[in-house]
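Residue-level structure breakdown
Okay, here's what each chain looks like letter by letter:
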Amino acid sequence: MVRILTKYWDEKDSHSIDVALKSGGYQSAKKALALRPQEIIEEVKKAKLRGRGGAGFPAGQKWSFVPDDNKPHYLVINADEGEPGTFKDRYIMERSPHMLIEGIIIASYAIRAETAFVYIRGEFQKAYERLKSAIEEAEQRGFLGRGILGSKHNLRIHLIRGAGAYICGEETALIESVEGKAGRPRLRPPFPAVSGLYKSPTVVNNVETIALVPAIFELGAEKFLSLGSPTDGGTKLYCVSGHVKKPGLFELPMGTNLRDIIFDYAGGIVSGRNLKAVLPGGSSTPVIKADECNVNMDFDCVKKIGSMLGSGAIIVMDDRTCMVRALESLLEFYADESCGQCTPCREGCPWIYKITRRIEKGEAEPKDIDLLLEVSENILGNTICPLGDAAAMPAISIVTKFREEFEEHIKRKGCYFDNLPLAPVLEGRSMV
Amino acid sequence: MENNTELKNYISELKSVFAEKSTIIMPALRFAQEKYGRVDDDIIEEISRNLNIPPVKILSAARFYHFFTEKAQARYRIEVCSSISCSLLGSEHIYDYLKRRLSQPGSGGGKNEFSVNRVGCLGSCGTAPAMLINNVLFENLNFEKIDAIIEGIKSGKDIDKILG
Ligand SMILES: Cc1cc2nc3c(=O)[nH]c(=O)nc-3n(C[C@H](O)[C@H](O)[C@H](O)COP(=O)(O)O)c2cc1C
Ligand code: SF4
Ligand code: FES
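Residues numbered from 1 in each chain as written. Chains lettered and ligands numbered in written order. Predicted model: local features only at pLDDT ≥ 70, side-chain atom pairs only at ≥ 80, totals over all residues. Heavy atoms only, no water.

1. What to know about unusual backbone geometry
Residue and element names in this part refer to chain A. Between R188 and P189 the backbone carries a cis peptide bond, its omega angle lying at -10°. Positionally, P189 belongs in the loop between α8 (171–178) and β4 (202–206). Looking along the chain, the bond that leaves P189 and enters P190 is cis, with omega of 5°. Secondary-structure assignment places P190 in the loop between α8 and β4. Despite not being glycine, K48 has its phi angle at roughly 50°, a positive value. Positive phi, normally seen in glycine, also occurs at Y198, with a value near 50°. If you trace the backbone, Y198 turns up in the loop between α8 and β4. (Helix = DSSP H or I, 4+ residues; strand = E, 2+ residues; numbered from the N terminus.)

2. Let's talk about the domain arrangement of chain A
Residue and element names in this part refer to chain A. The domains assigned to chain A are domain 1 (17–226), domain 2 (235–318) and domain 3 (323–414). Counting from both sides, the interface comprises 13 residues of domain 2 and, opposite them, 12 residues of domain 3. Across the interface of domain 2 and domain 3, roughly 1000 Å² is buried in total on both sides, 68% from carbon and sulfur atoms. Among the residues of domain 2 in contact with domain 3, K276, S283 and V287 are the three that bury the most area, contributing 42% of the side total. A salt bridge links K401 to E292; the shortest N-O distance between them is 3.1 Å. Linking domain 2 to domain 3 there are seven residue pairs in polar contact (both at pLDDT 80 or more). (Domains from an automatic or database assignment. Contact = heavy atoms within 4.5 Å. Buried area = accessible area lost by both parts, 1.4 Å probe. Salt bridge = Lys/Arg side-chain N within 4 Å of Asp/Glu carboxyl O. Polar contact = N/O pair within 3.5 Å; in protein donor to acceptor, adjacent residues only side chain to side chain.)

3. Digging into the interface of chain B and chain A
Size of an interface: often given as the accessible area lost when the parts come together. With 46 residues of chain B at the interface, the matching set in chain A holds 61 residues. Taken together, both faces of the contact between chain B and chain A bury some 3900 Å²; the carbon and sulfur share is 57%. Run the count over chain B and chain A and you get three salt bridges. On inspection of chain B and its partner chain A, the count reaches 21 residue pairs in polar contact (both at pLDDT 80 or more). The set of elements that each furnish at least two residues to the side of chain B that touches chain A consists of α2 (25–36), α4 (55–62), α5 (84–88) and α6 (91–103) of chain B. Here the element with the most residues in the side of chain B that touches chain A is α2(B); it accounts for five residues. Here the residues of the side of chain B that touches chain A sort into 22 nonpolar, 18 polar and six charged. (Nonpolar A, V, L, I, M, F, W, Y, C, P; charged D, E, K, R; others polar.)

Written as structure tokens, this is what we have:
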């Protein structure tokens, strides 16, 4: 099986430039810099590389929106990884930072940007240090700076560290933060590609998206596409967490079947238990039940069954999981992280959290279930950024698909599931 | 004022790095928080003066982010993940255990030595339950590990070397 991002993770000091160079690092940048920017964009389009940050927007298409003007352009890498269940970008930066830097070289050249920012989550210490020294190594070898690899391309990469606000993962909030402001998402249009950082054309891409770019030029667009599914090229780093025997990261062809990921790669459900439900793409994606898990994990297929691939964070819940308790945990996160500028999100997220909490504690009335649904539906689609939706979508899907558990909590005046034990015995760990 | 020399030097260094001075605000705030343990009005004014940006702009950014605090924080800030993947593996128990253990007489050290908080996902969901102490990550937690970590801190070990 072809591995791209994790290709040399098994090697000692996989983050060093020596390991990267030994495995062909910076050769793709060399090839790409010999092309014209427009040709790079065409290749990336042909490879059908879709954004790994959550929305699955085609990367080549995003780059092509950047106008042909004389303003400075910016590339911004979203390394704010914060969606519960997601833990891939941190490992990419810790273990193959040069792949990301090489991707940044190619992408910045394609959009004619000479300055790139990596906005890295404030809590990530090791990833920050690794990326920082990788940038220094690359500068020393002439892969960054002026006239990179004999081309006319100049590039400087800056690292900006976040400061504990999840909402800064949203691309316009992130831009505000780089501009030294509170991370409150902007109204669109204008889109960042036209007016982003310092009002200049800006492309924001996820770490995994950009780290995949060199492979397109190493393998060729056709080969890259053929690694994944017909509408969605390349490999995907799936993050598997929750009640599986071997939680961890798995780099697999985009579109690998969810059942195979859970039962083969992640070793199946912890001993003696059965699968109950899965959040297939992170904590903001609609829940799917055990019998819906026969799905290929690419953007279009997961959408067809009413959920989303999101960040590829597969959160697995076994049959002892209380779905009310699970929803309570999900909503607590979003209620805390709302930036507060839209009323439906600012008021609605804490409200649905409190209703769910009441149900879990046995202090709710039967009409609260419909109230929970009604408030959630009123958040949906009525906000500036999708954070409100991120809370409302799992709420609606969990209440709808597991309504009897909510009713039972109200009838029995509280939670009737066993208190979850600490870390059920894990029988192994995957490659992380 | 004179004591903020490190911050002043840091800002003047960054002026040669960043073309837009507004981008210096976040790094400067972080530097101050790490160096002086807080971001109070004095710090805000210092940054404002050095960047020639109105203090209210610095202030409204500073107060938005959890990292920047007006008052000095505890010496050891323990942050236990309470998000879904950790919660599924019983992170509440870790949190309760820590709270209990550090509230026993003679275990918590002096005042403002430890703080224990629940926080959102730490990006370590595959090695849940997870927590941070002063930004150092601890994964695959259980009660024995918590004991070892607390003992390690009390015996004066560096946080990032406690578990070897
Ligand atoms: C509340 C919220 C949080 C987000 N957090 C992240 C994040 O941590 N990392 C990320 O890459 N994208 C995140 N996104 C998506 C970004 O807004 C943006 O779509 C993405 O960075 C684009 O990169 P891509 O096209 O390569 O996927 C978030 C979106 C929202 C609404
Ligand atoms: S939806 Fe929520 S987080 Fe997004 S802009 Fe509105 S209030 Fe802020
Ligand atoms: S849910 Fe705890 S680290 Fe992600």
